[in-house]
Amino acid sequence: MRIDAEALAVHLAGPVPPSGRTAWLRAGLRRAVVDGALPPGTTLPGARALAARLGVARGTVVEAVQQLVDEGYLTARPRSGVVVSWQPLARGPAPAAPVPRVPSPGQPDGALYPRAAWARLVRGVLARVPGDDLGYPPPAGHPELRAALADHLRRTRGADVDPDDVVVVAGVAQVGALLVAAGLRRWAVERPGSPGQGAQLRRLGAHVVEAPVDDRGLVAAALDDGGALDAVVVTAAHQYPTGCVLAPERRQDLVRRARAGGFVVVEDDYDAELRYDRDPVGVVQALAPDVVVLAGSVSKTLAPALRLGWMVAPPRLRAAVVAAKHTADLGSPVVDQLALAGMLTSGAYLRHVRRVRSAYRARRDALLEALARRAPGVTVTGVSAGLHVYLAGLGAPAARRAHAALERLGVAAQVVPGGPVHLPGDGLVLGFASLRDAAAADAAARAVADALG
Ligand SMILES: Cc1ncc(COP(=O)(O)O)c(C=O)c1O
């Protein structure tokens, strides 16, 4: 089909402007093509005719048309002229359902994020970072951060780690993704555990089974065929969600089974720095650096938004993991890596952790006091740590009612179907990070008490 200059002018919005005519004509023609006013195969009028109709220079038309030819909307055919070649997008399969954005009970209070200190650290990095460091980073992470993390993990978590063992990642969540990409496809996660973790591994194509949890943590003996697994996730320092600590004999048993079964233990050390009544129990990784992957991040101590974490992998996995990190994103952002390195080496990180520890400890204490007063029958499990408590065995209707009431208060909570083996029945995770004063703690406890009826 051929369109003449008169008909084409109708599709160009508004009068010809006094300046910027090429840009105006290019935008008008592109819109007419994409909107379908000029269907594929339509032949445009000659440049001279269109220029005369619009009252612009012929060169303006030639330039606008040539730009759309260069961009692939139009094709110039010898003898037959310029033809519309853009094809409307084919209707593909329905887009995947969006991943719901549910507030996590493990989310820290954004008000405690050290904005001014972080801004100073970033300014300091920008003042001194050599230009060479602003290229793509080493995929395993910037050497300064790897060294600072190795030192930090040795001192605060008792980890068996050298700088070369550390891979900087985009949070604990990326550790699962990298290990799946490195070929670990058969996983076991804790039940109950982090719902997001199991779902993420399944979305990545892994086969995921669940291992029960009791008051001493993961029951590895229940993994009847450890040889059929590549990886077992454990939240040893503070089980998510029940809050217990993996018992010493369970640690040894897990490591023994990993060596015998040929699987790795993925130690999710997500909130270990937030222990309130004593120093946190050291990492399982130190017992067996040959079979344990240690994973942690600043998501609880600083902010999940930074997407900054670490992974310490056994030597046999390291090359595959670093290759997977390179494939995933070509490395983590360097300015943030260097800011965190500076925060760690200057002692500012530990000072900040001490500050948030005392704030969260007070919030947890206030919640427990309010729950004991308002809902004395509720069993709260777990050690004094982290950003959440677990309310055991509420039963499905009460857990759902409490969840809805807490949501209305803006308090993050999650129903835990089934509960751990020693305290069965649906339970509830309640995040206390946002409960800034006694009144907020009391309101949350009242919501739970009312839900129990
Ligand atoms: C148990 C557990 N593991 C891992 C994560 C993910 O942490 P990250 O932000 O480091 O990916 C969370 C987040 O809340 C969590 O609760």
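Below is a summary of the structure that appears in this document. (Residues numbered from 1 in each chain as written. Predicted model: local features only at pLDDT ≥ 70, side-chain atom pairs only at ≥ 80, totals over all residues. Heavy atoms only, no water.)

1. Side note on the site of the ligand
Next, step 1: The environment of the ligand is formed by 13 residues, the closest being Val172, Asp268, Ser297, Ser299 and Lys300.
Next, step 2: Here an oxygen atom of the ligand and a side-chain polar atom of Ser297 are 2.7 Å apart.
Next, step 3: Starting from 400 Å² of accessible surface for the ligand in isolation, the protein chains cover 85%.
Next, step 4: Taking a 2 Å distance to the grid points as the criterion, the majority of the atoms of the ligand fall inside the largest pocket. (Near = heavy atom within 4 Å. Polar contact = N/O pair within 3.5 Å; in protein donor to acceptor, adjacent residues only side chain to side chain. Areas by Shrake-Rupley, 256 points an atom, 1.4 Å probe, with all protein chains shown as cover. 1 Å grid on protein atoms, 1.4 Å probe; cavity = no way out; pocket = protein on both sides within 12 Å on 5 of 7 lines; lining within 4 Å. Sits in = over half its atoms within 2 Å of the grid points.)

2. Remarks on the side chain of Thr242
Next, step 1: The topology assignment puts Thr242 in the loop between strand S7 (231–234) and helix H9 (248–261).
Next, step 2: Apart from residues lying up to four places away in sequence, Thr242 is in contact with Pro192, Val213, Thr381, Gly382, Tyr390 and Pro420. (Helix = DSSP H or I, 4+ residues; strand = E, 2+ residues; numbered from the N terminus. Contact = heavy atoms within 4.5 Å.)

3. Overview of the packing of helix H13 (residues 396–409) against helix H14 (residues 438–452)
What describes two packed helices is the angle between their axes and the distance between those same axes.
Next, step 1: One can describe the packing of H13 onto H14 by two numbers: an axis separation of 8 Å at closest approach and a directional angle of 150°. For the element pair H13 / H14, the angle class is roughly antiparallel. H14 is crossed by H13, and the crossing has right-handed handedness. Within the contact between the two elements, H13 uses Ala398, Arg401, Ala402, Ala405, Leu406 and Leu409 and H14 uses Ala443, Ala444, Ala447, Val448, Ala451 and Leu452.
Next, step 2: Each residue belonging to the contact of H13 with H14 can be placed in one class, and the counts come to eleven nonpolar, no polar and one charged. (Axes fitted to C-alpha atoms, helices over the stretch in contact; angles between N-to-C directions. Parallel < 35°, antiparallel > 145°, perpendicular 65-115°, else oblique. Left-handed = near helix turned anticlockwise from the far one by under 90°. Nonpolar A, V, L, I, M, F, W, Y, C, P; charged D, E, K, R; others polar.)

4. Quick word on the pairing of S7
Next, step 1: Because side chains alternate across S7, one face comprises the buried residues Ala231 and Val233, and the other comprises Val232 and Val234, equally buried.
Next, step 2: Bridging between strand S4 (residues 186–191) and S7 involves two bridges; their strand directions are parallel. Bridge assignment links Ala188 to a residue of S7, and that residue is Val232.
Next, step 3: Judged from the four bridges that link them, S7 and strand S8 (residues 264–268) form a sheet pairing that is parallel. Looking at the pairing, Val232 lines up with Val265 of S8. (Buried < 20%, exposed > 50% of the residue type's maximum accessible area, 1.4 Å probe, protein only. Pairing = 2+ DSSP bridges.)

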